[in-house]
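Each chain, written out:
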Amino acid sequence: VQLQASGGGLVQTGGSLRLSCAASGRTFSNFVMGWFRQGPGKEREFVAAIARSTGRTIYADSVKGRFTISRDNAKNTVYLQMNTLEPEDTAVYYCAADAGAFWRAQKDDDYDYWGQGTQVTVSS
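These lines cover the structure that appears in this document, whether it is placed above or below.

Reading the values: rules and limits
- Residues numbered from 1 in each chain as written.
- Predicted model: local features only at pLDDT ≥ 70, side-chain atom pairs only at ≥ 80, totals over all residues.
- Heavy atoms only, no water.
- Buried < 20%, exposed > 50% of the residue type's maximum accessible area, 1.4 Å probe, protein only.
- Helix = DSSP H or I, 4+ residues; strand = E, 2+ residues; numbered from the N terminus.
- Pairing = 2+ DSSP bridges.

Here strand β1 (residues 2-6) shows a buried face lined by Leu 3 and Ala 5 and an unburied face lined by Gln 2, Gln 4 and Ser 6. Here β1 runs beside strand β3 (residues 17-24); their pairing, made up of five bridges, is antiparallel. Its bridge partner being in β3, Gln 2 is matched across the sheet by Ser 24.

Rendered as structure tokens:
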């Protein structure tokens, strides 16, 4: 499956952004979808994931209550609504597709396909 992330940009502290990730090539609803990020000088980290059709979600503690992941299987798209952004959220954000089990959704090595990343910069 091919993944195309978009929606990144420059925003001030406290602002909001909505990332989108459009999928093509395979049946989108067959995949758990996740968002990861990699900040400057940091390792890639899990942000959020959403199950195939139940709407079940899981979040990293650092974004819980501020970010919301959602998906539209009819549009083959997953979203990440990011509110109350902080400079620590500055990173390249990647969407990914996982054909495996939802309980492993926080593990980046379980994902099968990755998008190209979109830059999010939060200024203080």
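Residues of strand β11 (residues 118-123) alternate between two faces, with Thr 118, Val 120 and Val 122 buried on one and Gln 119, Thr 121 and Ser 123 left unburied on the opposite face. Pairing of strand β2 (residues 9-12) with β11 involves four bridges; the strand directions are parallel. Note on β11: the bridge partner recorded for Leu 10 is Thr 121. As judged from the three bridges shared by strand β9 (residues 91-98) and β11, these two strands associate in the antiparallel manner. Note that in β11 the partner of Val 92 across the bridge is Gln 119.

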